[in-house]
Amino acid sequence: MNLFENFRIALRALAANKLRSGLTMLGIIIGVAAVVALMAVGAGATSGITSSIEGLGTNLITVSSGRSFQFSGGGPGGQQFGGQSQSLYYSDFQAIEKAVGSAAEVSPYYQTSANVINGGLSASYSVTGVTPVYAAVSAYTLARGRFISENDNVSESRVVVLGSQSSADLFGGLNPIGRKIQIDGITFSVVGVLDAKGSGGFGSADDLMLIPLQTGYTRIFGGRAVSGGQRVLSGISLSALQADQIDPIISTVEYTLRKRHGLTLTDDLGFNVSSQSQMLSALSGVSSTLTALLGAIAAISLLVGGIGIMNIMLVSVRERTREIGLRKAVGARRNVILLQFLVETLTLSVVGGLVGILLGWAIAMLVSASGLLTAQVTADNVLLAFGSAALIGLFFGIYPAYQAAGLRPIEALRYE
Amino acid sequence: MIEVENLIKVYRMGTSKVFALNDVSLKVEDGEMMAIMGPSGSGKSTLMAILGCLDIPTRGAYRMDGESMEKMNDNQLAHIRSHKIGFVFQQFNLLPRTSALENVLLPLLYDGVKGKDRKARAMTALETVGLGDRTQHKSNQLSGGEQQRVAIARALVNNPSILLADEPTGNLDSHTGAEIVGLFQRLNREKGLTIIYVTHDPFIARHTGRIVQLEDGKIVRDVHVKKPLEAGSPRPDDIIGVVKVEDLALEN
């Protein structure tokens, strides 16, 4: 009596009760499919977030106005709320640029939304005032035309560089270089179009418009960009030339800001200074936790499926008591009966597991096709789901199989 | 040779004890054909189950070919059941939706016989019981007599030395029952198989060379039959009269 014969006997027993076997398997199928699909969605979200943060630029440090918020693990204080929000001034940028020197490129920007008109088309767009280093710091490359120059800022030229999406929206397939658009009623000429960056975890990075920062202050931003008589910034991005310079630069930036805003070391900073790697680890930490949570929820349904298998196998043992008695009467040993029922349970859970993997994979494909996010079915997750299905089959199969194997032949034969 | 000495089997029914077997001693020689009779609850089936190693006695000795059975564990008993004993049941106990051939194959499956030999041996056993042409019929497509023949083939397939049958004709009409008894007689004479069967029917019992009567768990009569009936003999009108004392030789 080898394993193959046991498997054949199991298949025959399962085939004798097709509907019941199918329904029992359904529990495992749904459980495994849920694990595979949810883990794939989680893994897809994680890698989406990672790539979109990495897409922001290399060795990036961002400074923005706002209450100090440190990502978990980012410092001895942990998360700190409260304290006064500080405005980030254009003069802060000048001081920081001077303080960090050649260690980093410093890119100040002010972002607002404005009404953009091109002929009959009118829409609200995010319009950002930038300096020439913006492209390099934020990892944008030009598809055509030129970027905003130092001269554009000095002379406050009315020129605009379009994101690939903005260009497509406003001009379709036409070449926009040299054409005019109106931003809040002011006419700007298009001098460049950016390459598409693609969308990552959050929104598109391509539906933007870039204008010279100084032009923005004088022509577009108006009173919104002035606080206490000084021009303000939405943020400053810094790109460190060396990765090991990131932490010293953060210290320099924080020190400069404290000095300029009259804050002591014990005061809350009132600015948000963070590096890309901090954001990366914080956000991917969050999304891995979410993935694990999703997986845990799916695992519960797998567990329920396993209990369903045990339930059915107990019924089956009871129903086939006489058959078990007969098998023992003609010489079947205890272990053979044990193995027979164990193989039956394993067949249910393994076949259910395989179907569940296919179903989960199909769901993941469907989610990807819907365009919400790219679900990634990883070999790890498939193995994990399949392994747990098999383990559950083994675990929940042992008790019914043990019951069957322990029956006294004569009592089993007389069972009504 | 089968020997049991001072066999006791106690069942607990709540607080009271029931002695299904109460001090039974019996010796059956190789090649004997014997019937066990007795009213319901007299312990016939319990005795058969113990002889067939399907159950174990509460107390007492059981030796088969000089080998003691009492101390054997589950697996050793399974081995004895598989090699030395063929068991036939009143309800046939065939696997449903399974062909005659595969039913007969079953004991060989558990004995580790190779696939090819298996089929050949099962076919031989089915031919022995006269079902060589119905091997592929499913058990529910066979008549009661045919089903019992399949069950007998299954009991024979491992070439046991003892065939035990618990009311083998109980679910069959008298004609089919007589055919089964005829098959037993043939197996006993041609193969020298030791055959013990339980029956309620004195006419069926009369076909053996020895009749043991049980009552309340004790052997009350153990007689040799001078002239066993041949299979196919007409059933007399007076069934009780069949076992007339003058036809039987009293043991000792």
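Shown above is the structure to which this text applies.
Below: a short report on this structure. As the structure is a prediction and not an experimental result, all values here were calculated from the model. (Residues numbered from 1 in each chain as written. Chains lettered and ligands numbered in written order. Predicted model: local features only at pLDDT ≥ 70, side-chain atom pairs only at ≥ 80, totals over all residues. Heavy atoms only, no water.)

Remarks on the overall build of chain A
And then number 1: For chain A, the helix and strand inventory stands at 13 helices and 12 strands.
And then number 2: Considering chain A as a whole, with its 416 residues, one finds that 46% of them fall into the buried category.
And then number 3: Put simply, 77% of the contacts in chain A that link residues at least 6 apart link residues at least 24 apart.
And then number 4: Of the accessible surface of chain A, which amounts to about 19,300 Å², a share of 60% is contributed by carbon and sulfur atoms. (Helix = DSSP H or I, 4+ residues; strand = E, 2+ residues; numbered from the N terminus. Buried < 20%, exposed > 50% of the residue type's maximum accessible area, 1.4 Å probe, protein only. Contact = heavy atoms within 4.5 Å. Areas by Shrake-Rupley, 256 points an atom, 1.4 Å probe, with all protein chains shown as cover.)

Description of the interface of chain A and chain B
And then number 1: Taken together, the contact pairs 24 residues of chain A with 27 residues of chain B.
And then number 2: Both faces combined, the contact of chain A with chain B buries some 2,300 Å², and carbon together with sulfur accounts for 54% of it.
And then number 3: The interface formed by chain A and chain B holds 4 salt bridges in total.
And then number 4: A:Arg12 is paired through a salt bridge with B:Glu102; the nearest N and O atoms lie 3.2 Å apart. (Buried area = accessible area lost by both parts, 1.4 Å probe. Salt bridge = Lys/Arg side-chain N within 4 Å of Asp/Glu carboxyl O.)

Description of the sheet that holds strand S5 (residues 67-68) of chain B
Residue and element names in this part refer to chain B.
And then number 1: A sheet is described by the order of its strands in space; here 4 strands give the open sequence S2-S1-S4-S5, paired in antiparallel fashion. At either end of the open sheet lies a strand with only one pairing partner, and these are strand S2 (16-28) and S5.
And then number 2: Alignment of strand S4 (residues 59-64) against S5, held across 2 bridges, turns out to be antiparallel. Bridged to Arg63 within S5 is Ser68.
And then number 3: Contacting strand S1 (2-13), S2 and S4, helix H1 (residues 44-51) runs over the sheet at an angle of about 120° to S1. (Pairing = 2+ DSSP bridges. Axes fitted to C-alpha atoms, helices over the stretch in contact; angles between N-to-C directions.)

Description of the environment of B:Ile196
Residues and elements named next belong to chain B.
And then number 1: On the secondary structure map, Ile196 appears in strand S8 (residues 194-198).
And then number 2: Here Ile196 falls in the buried class, since its relative accessible area comes to 0%.
And then number 3: Along the chain, Ile196 and Phe184 lie 12 residues apart, while their C-alpha atoms are 9.6 Å from each other.
And then number 4: In contact with Ile196, not counting residues within four places along its chain, are Ile2, Val28, Met34, Ile36, Met48, Leu51, Leu163, Leu164 and Ala165.

Description of helix H12 (residues 379-405) of chain A
Residues and elements named next belong to chain A.
And then number 1: Under the 1.5 Å per step criterion, the end-to-end length of H12 is 37 Å for 27 residues, consistent within 8% with the ideal 39 Å.
And then number 2: Along H12, the residues that are buried comprise Asn381, Ala385, Ala389, Ile392, Gly393, Phe396, Gly397, Pro400, Ala401, Ala404 and Ala405.
And then number 3: Contacts made by the buried residues of H12 are with helix H2 (18-54), helix H9 (276-319), helix H10 (321-329) and helix H11 (334-370). (Expected span 1.5 Å × (residues − 1).)

Observations regarding the packing of aromatic side chains
All names here are of chain A.
And then number 1: Applying the stated criterion across every chain, the model contains 9 aromatic pairs over all chains.
And then number 2: Here Tyr90 and Tyr217 contribute two aromatic rings whose centre-to-centre distance is 6.0 Å and whose plane-to-plane angle is 85°, an arrangement assigned as edge-to-face. Linking Tyr90 in helix H3 (residues 90-100) with Tyr217 in helix H7 (residues 213-221), this pair joins segments that are 127 residues apart in sequence.
And then number 3: Aromatic side chains Tyr110 and Phe221 sit 4.6 Å apart centroid to centroid with 45° between the ring planes, which places their arrangement in the tilted category. Residue Tyr110 is located in strand S2 (residues 104-118), and its partner Phe221 is located in helix H7; the two are separated by 111 residues in the primary sequence. When sorted by exposure, Tyr110 lands in the same class as Phe221, which is buried.
And then number 4: Each member of the aromatic cluster is reached from another via a ring pair, and the members are Tyr90, Phe93, Tyr110, Tyr217 and Phe221.
And then number 5: The ring centre of Tyr402 lies 5.5 Å from the NZ or CZ of Arg334, which sits over that ring. (Phe/Tyr/Trp six-rings, centres within 6.5 Å; stacked < 30°, edge-to-face > 60°. Lys NZ or Arg CZ within 6 Å of the ring centre and 35° of its normal.)

Re a nonpolar patch on the surface
All names here are of chain A.
And then number 1: There is a patch of nonpolar side chains on the surface, built from Leu19, Leu23, Leu26 and Ile30 and spanning about 420 Å² of accessible area.
And then number 2: Counting through the fold element by element, Leu23 comes out in helix H2.
And then number 3: Residue classification places Leu23 among the exposed residues on the basis of a relative accessible area of 54%. (Patch = residues over 30% accessible without salt bridge, like charges linked within 9 Å, V, L, I, M, F, W, Y side chains within 5 Å.)

Examining the nonpolar core
And then number 1: Among the nonpolar cores identified, the biggest contains 69 residues, and B:Leu47, B:Tyr62 and B:Ile196 are the most heavily contacted of them.
And then number 2: Non-local contacts of B:Leu47, meaning those with residues more than four positions away in its chain, are made with B:Leu7, B:Leu21, B:Val24, B:Leu26, B:Ile36 and B:Leu214.
And then number 3: Counting residues in each nonpolar core, the second largest holds 45 residues, with A:Val116, A:Phe171, A:Met209 and A:Ile211 among its members. (Core = buried A, V, L, I, M, F, W, Y, C linked by side-chain atoms within 4.5 Å.)

Focus on the pairing of strand S6 (residues 85-88) of chain B
Each regular strand carries side chains that alternate between the two faces of the sheet.
Residues and elements named next belong to chain B.
And then number 1: Alternating positions in S6 separate into two faces, Ile85 and Phe87 on one and Gly86 and Val88 on the other, with burial throughout.
And then number 2: In terms of strand pairing, S6 meets strand S7 (residues 162-166) through 4 bridges, oriented parallel. Its bridge partner being in S7, Phe87 is matched across the sheet by Leu164.

Observations regarding unusual backbone geometry
Among all residues except glycine, the phi angle is most often negative; among peptide bonds, the trans geometry is most common.
Residue and element names in this part refer to chain B.
And then number 1: Backbone geometry places Asn6, a non-glycine residue, at a positive phi of 50°.
And then number 2: Within the fold, Asn6 resides in strand S1.
And then number 3: The exposure class assigned to Asn6 is partly exposed, which follows from its relative accessible area of 42%.

Re the pattern of salt bridges
And then number 1: Scanning the model with the defined rule gives 21 salt bridges over all chains in all.
And then number 2: Of the charged contacts in the structure, one is a salt bridge between A:Arg260 and A:Asp92, with a shortest N-O distance of 2.5 Å. Residue A:Arg260 is found in helix H8 (residues 246-260), and its partner A:Asp92 is found in helix H3; the two are separated by 168 residues along the sequence.
And then number 3: The exposure class of A:Arg260 is partly exposed, given its relative accessible area of 38%.
And then number 4: Judged by its relative accessible area of 1%, A:Asp92 falls in the buried class.
And then number 5: Of the charged contacts in the structure, one is a salt bridge between B:Glu3 and B:Arg63, with a shortest N-O distance of 3.6 Å. One end of the pair, B:Glu3, is in strand S1; the other, B:Arg63, is in strand S4, and 60 residues separate them in sequence.
And then number 6: By relative accessible area, which is 15% here, B:Glu3 ends up buried.

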